[in-house]
Amino acid sequence: MSTPSLVSSYTANLPTLPHVAGTEPERCVLDSFRTAIAKLVSEALPSLTVEQVYTGVDYGKKGVDFTIALPRFRLPGKVDEHAKKVLEKFQPDDWIENVVHDKNFLHFTLRTPTLFRLILSQVHELSAKSEYGTNTSGKGKKVILEYSSPNIAKSFHVGHLRSTIIGAFLANLYKACGWEVVSLNYLGDWGTQFGLIAVGFEKYGSQEELEKDAIKHLFEVYVKVNADAEKDPNVKVEAAKFFKRMEDGDESALVNWRVWRELSVKKYEEEYARLNVQFDHYIGESMVGKEWQDKALERLSEMNLIDDHEGAKLVNLEKWKMGKAVLRKKDGTSIYLTRDIGGAIERYEKYKFDKMIYVVASQQDLHLSQFFKVLELMGFDWANRLEHVNYGLVLGMSTRKGTAVFLDQIIKEAASVMHEQMKKNEEKYKSVENPEEVSQEIGITGVKIQDMAAKRINNYTFNWDRMLSFEGDTGPYLQYAHVRLSSISRKNPELLPLPSPSQIDTSLLTEPSAREIAFLLGSYPDVVKTALKTHEPSGVVTFAFRLSHAISSAWETVVVKGEKDVEKARARMWLYLCARDVLGAALRLLSIKPLERM
Ligand code: ARG
């Protein structure tokens with residue numbers, strides 16, 4: 001038998017609770033408190049099951065732990081009478097301290113000593129395994145996550161940056177919820193633009209430049225040959241011919257392309273690593289087979305959904321208000337849409353996924369809904385497992401020297417703006433061992449937090465000064481909060497090592513601001529679950545700010561250094577270290593590396 005967990009050894013002495021399906025008290029101790037509330041209410045109002053009541057236990061507002069809105073249960077009779085029954089039934093115990101009736105609501109206060117003990121023990125125990133906040137709801141399920149997906153030889157624009165940031169977050173999130181995650185980077189590595197580059201490379205290409213920085217060099221060639229194509233229509237004709245050879249598998253047309261692709265991927269890999277982003281597979285439009293692209297066209301023809309326009313084939317989705325879209329060009333070459341259709345089918349055959357998510361800008365809403373629709377029309381019963389996670393535009397992103405077109409320019413700019421910012425505080429700057437690395441990390445944190453702070457669908461304006469300031473709700477502020485919490489052990493060595501959790505006297509934590517921190521820590525597993533439902537990183541960002549604010553308001557009153565009562569100082573230190581662990585977990589979930597020093 002395995003040793004009982006810290007938390008269950010504490011709950012052993014508490015009034016027993018029924019198990020509510022879907023809850024995991026061993027990972028989210030607030031589930032136990034909610035169950036206690038549900039049990040009380042269902043005992044007072046026997047027509048309701050514990051499960052029914054449980055779904056109605058919400059977080060309270062302003063100093064209230066949990067609240068139930070009674071009308072939601074649609075019970076016959078008056079709300080006041082139901083409330084009265086609950087109050088009559090109520091006996092304070094180790095779970096619930098108090099119940100107040102206010103109009104339609106019942107407000108519950110949890111028992112403070114139990115709250116501290118259970119939450120801190122759970123954070124302590126699960127953080128040691130990097131598991132606090134995780135749950136097992138996705139056990140046995142597989143999700144394919146496609147994100148970033150830039151186009152080789154074109155610019156890596158902010159749209160790709162957003163996809164990268166949000167996608168990396170979703171990959172972490174699904175893993176935290178027990179899913180098996182396969183992450184894909186679906187490169188734009190196919191299409192007429194490669195015909196253009198092939199033509200352009202003969203004139204403007206340099207092997208040396210290519211090896212130095214493939215992404216940059218191919219882009220330069222692309223820009224030049226595009227300018228030529230504007231003046232000379234022959235260039236486009238040549239390009240199309242070349243791409244046709246590629247599509248037909250002409251080896252001589254593919255050699256160079258292969259090198260371009262490989263060198264670009266290598267470069268991207270380095271840059272993603274700096275962003276703390278990984279992919280299981282780099283795939284691309286080039287890898288989608290012909291078979292299903294042809295079959296799609298066939299099946300849709302049989303369904304009378306294909307229109308012919310001067311030799312080009314279009315799928316007619318007007319019935320579903322999705323317009324018409326080209327599936328195959330006149331010269332027989334495939335296009336973006338068809339590749340997505342074929343690609344999805346191949347991925348299903350390969351992975352048999354429970355869900356597949358495409359993280360793509362909302363500018364492509366129509367494209368995504370068109371190809372999802374086509375798959376549905378083709379009769380694939382898994383078509384409803386596809387999901388588009390979209391997001392709005394980023395306005396005005398540029399470096400100080402001009403418009404940013406490459407990912408590495410964005411990273412460099414973030415690092416250098418941050419570096420300057422840090423230098424302003426000379427004394428502090430001198431104490432940082434590796435200012436270059438630290439400034440890059442904080443800079444990237446600033447970019448990511450700005451990107452994930454609001455609902456995905458909102459557009460936002462890129463602003464270096466605002467996102468890299470230590471004041472206000474910014475990435476640097478969160479890193480600072482984490483660093484400050486990390487410094488606690490360094491600054492109070494005489495309190496270390498902390499005794500084992502059962503020997504720490506949490507009853508010495510009496511300040512409301514300490515309780516607020518603990519309650520927030522307890523709510524983190526719920527924050528993770530909500531994020532899985534909404535696919536919004538903003539909830540996690542908001543949580544990180546709330547926690548940091550709560551810590552900063554406790555900092556002056558709930559002191560560790562200077563507290564004469566050693567036991568009290570230790571209990572406080574434990575609270576702060578737990579807070580550091582949870583803030584760190586939230587940042588990691590957001591793909592950010594929490595810093596220990598700055
Ligand atoms: N490479 C595309 C672009 O930059 C994004 C690809 C999105 N994914 C997809 N399966 N269509 O616009």
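Since the model is a prediction, treat every value here as computed from it, not as a measurement.

Student: What is the right way to look at the sheet that holds strand β1 (residues 57-59) in this model?
Tutor: What holds strands together in a sheet is hydrogen bonding between their backbones, with the strands either parallel or antiparallel. With antiparallel pairing, the 4 strands of this open sheet are ordered in space as β1-β2-β4-β3. Pairing within the sheet leaves two strands with one partner each, and these edge strands are β1 and β3 (96-102). Averaged over all pairs of adjacent strands, the angle between strand axes in this sheet comes to 30°, irrespective of strand direction. As paired elements, β3 and strand β4 (residues 105-110) share 6 bridges and run antiparallel to each other. The partner of I96 across the bridge, within β4, is L110.

Student: Help me understand the environment of N226, please; the structure alone is not making it clear to me.
Tutor: Residue placement: N226 occurs in helix α9 (residues 214-231). Accessibility expressed as a relative area gives 23% for N226, which makes it partly exposed.

Student: Would you take a moment to explain the packing of helix α7 (residues 192-204) against helix α10 (residues 233-247) for this structure?
Tutor: Two quantities define a packed helix pair, namely the angle between the axes and the distance from one axis to the other. As a packed pair, α7 and α10 sit with axes 7 Å apart at the nearest point and diverge in direction by 115°. By the angle class used here, α7 and α10 are roughly perpendicular. Remark: the crossing between α7 and α10 carries right-handed chirality. Contacts between α7 and α10 involve T192, F194, G195, L196, A198 and V199 on the former and, on the latter, V235, E238, A239, A240, F242, F243 and M246. Tallied by class, the residues present in the contact of α7 with α10 amount to 10 nonpolar, 2 polar and 1 charged.

Student: Mind showing me how you'd approach the side chain of Q122 here?
Tutor: Positionally, Q122 belongs in helix α5 (residues 112-127). With relative accessibility at 2%, the residue Q122 sits in the buried group. Leaving out residues up to four positions away in the same chain, Q122 has contacts with V7, P25, E26, R27, C28, V29, S127 and Y132.

Student: Please explain the site of the ligand as it appears in this structure.
Tutor: Taken together, the neighbourhood of the ligand is formed by E146, S149, N151, H160, Y186, Y336, D340, Y358, V360, Q364 and H367. E146 places a polar side-chain atom, nitrogen or oxygen, 2.7 Å from a nitrogen atom of the ligand. The contact in question runs from an oxygen atom of the ligand to an N or O atom on the side chain of Q364, over 2.8 Å. With the chains in place, 91% of the 340 Å² that the ligand exposes on its own is no longer accessible. Among the residues forming the shell around the ligand, the class breakdown is 4 nonpolar, 5 polar and 2 charged.

Student: Before we go on, may I ask you to explain the sheet that holds strand β7 (residues 281-284) in this structure?
Tutor: Pairing within the open sheet is parallel, and its 5 strands lie in the order β7-β6-β5-β11-β12. Unpaired on one side and paired on the other, β7 and β12 (386-389) mark the two borders of the sheet. Mean inter-strand twist for the sheet, computed between neighbouring axes without regard to direction, equals 25°. Most of the contacts of helix α6 (residues 158-176) go to strand β11 (residues 355-359), to which it runs at about 155°, and overall it touches β5 (142-146), β6 (180-187), β11 and β12. On the sheet, helix α13 (residues 336-351) packs against β5, β6, β7 and β11 and is oriented at approximately 150° with respect to β6.

Student: Would you mind going over unusual backbone geometry with me for this structure?
Tutor: Negative phi is the rule for most residues except glycine; trans is the rule for most peptide bonds. For the bond running from L496 to P497, omega is -5°, close enough to zero to count as cis. Tracing the backbone through its elements, the reader meets P497 in the loop between α19 (475-491) and α20 (512-534). In this structure, K103 is a non-glycine residue whose phi angle is positive, near 50°. When its relative accessible area of 64% is taken as the criterion, K103 is described as exposed. Although it is not a glycine, K352 sits at a positive phi angle of roughly 45°. Structurally, K352 is set in the loop between α13 and β11.

Student: Can you help me understand the nonpolar core in this one?
Tutor: Soluble globular proteins tend to bury their nonpolar side chains together. Grouped together as the largest cluster of nonpolar side chains are 174 residues, with contacts concentrated most on F108, I517, L521, Y524 and Y576. Per-element accounting of this core gives the leading share, 15 residues, to helix α22 (residues 566-589). The next biggest cluster of nonpolar side chains, apart from the first, holds 38 residues, and it includes L297, A344, L368 and M378.

Student: What exactly am I supposed to notice about the UniProt feature "domain: DALR anticodon binding" (unreviewed entry) in the protein here?
Tutor: Under the local residue numbering, the UniProt record ascribes the feature "domain: DALR anticodon binding" (unreviewed entry) to residues 478-598. For the annotated span residues 478-598, helix accounts for 64% and strand for 0% of the residues, and the straight-line distance between the end C-alpha atoms is 12 Å.

Student: Hey, could you run me through the domain arrangement of the protein in this one?
Tutor: One frequent convention defines the size of an interface as the accessible area lost when the parts assemble. Each assigned domain of the protein is listed with its residue range as follows: domain 1 (6-110), domain 2 (142-392) and domain 3 (416-589). Taken over C-alpha atoms, the centre of domain 2 sits 39 Å from the centre of domain 3. Taken together, the 23 residues of domain 2 in the interface contact 20 residues of domain 3. Of the roughly 1900 Å² buried where domain 2 meets domain 3, counting both sides, 67% is carbon and sulfur surface. Sorting the residues of domain 2 by area buried against domain 3 places R162, I165 and F169 first, and these three jointly supply 32% of that buried surface. Our count for the contact surface shared by domain 2 and domain 3 stands at 1 salt bridge. Here R162 makes a salt bridge to D451, at a shortest N to O gap of 3.1 Å. In this structure, the connection of domain 2 to domain 3 is made through 10 residue pairs in polar contact (both at pLDDT 80 or more). Sorting the residues of the side of domain 2 that touches domain 3 by element identifies α6, β11 and β12 as the ones contributing at least two each. Here the residues of the side of domain 2 that touches domain 3 are counted per class, giving 14 nonpolar, 5 polar and 4 charged.

About the criteria used
- Residues numbered from 1 in each chain as written.
- Predicted model: local features only at pLDDT ≥ 70, side-chain atom pairs only at ≥ 80, totals over all residues.
- Heavy atoms only, no water.
- Pairing = 2+ DSSP bridges.
- Helix = DSSP H or I, 4+ residues; strand = E, 2+ residues; numbered from the N terminus.
- Axes fitted to C-alpha atoms, helices over the stretch in contact; angles between N-to-C directions.
- Buried < 20%, exposed > 50% of the residue type's maximum accessible area, 1.4 Å probe, protein only.
- Parallel < 35°, antiparallel > 145°, perpendicular 65-115°, else oblique.
- Left-handed = near helix turned anticlockwise from the far one by under 90°.
- Contact = heavy atoms within 4.5 Å.
- Nonpolar A, V, L, I, M, F, W, Y, C, P; charged D, E, K, R; others polar.
- Near = heavy atom within 4 Å.
- Polar contact = N/O pair within 3.5 Å; in protein donor to acceptor, adjacent residues only side chain to side chain.
- Areas by Shrake-Rupley, 256 points an atom, 1.4 Å probe, with all protein chains shown as cover.
- Core = buried A, V, L, I, M, F, W, Y, C linked by side-chain atoms within 4.5 Å.
- UniProt positions renumbered as here; feature names shortened; annotations may be inferred.
- Domains from an automatic or database assignment.
- Buried area = accessible area lost by both parts, 1.4 Å probe.
- Salt bridge = Lys/Arg side-chain N within 4 Å of Asp/Glu carboxyl O.

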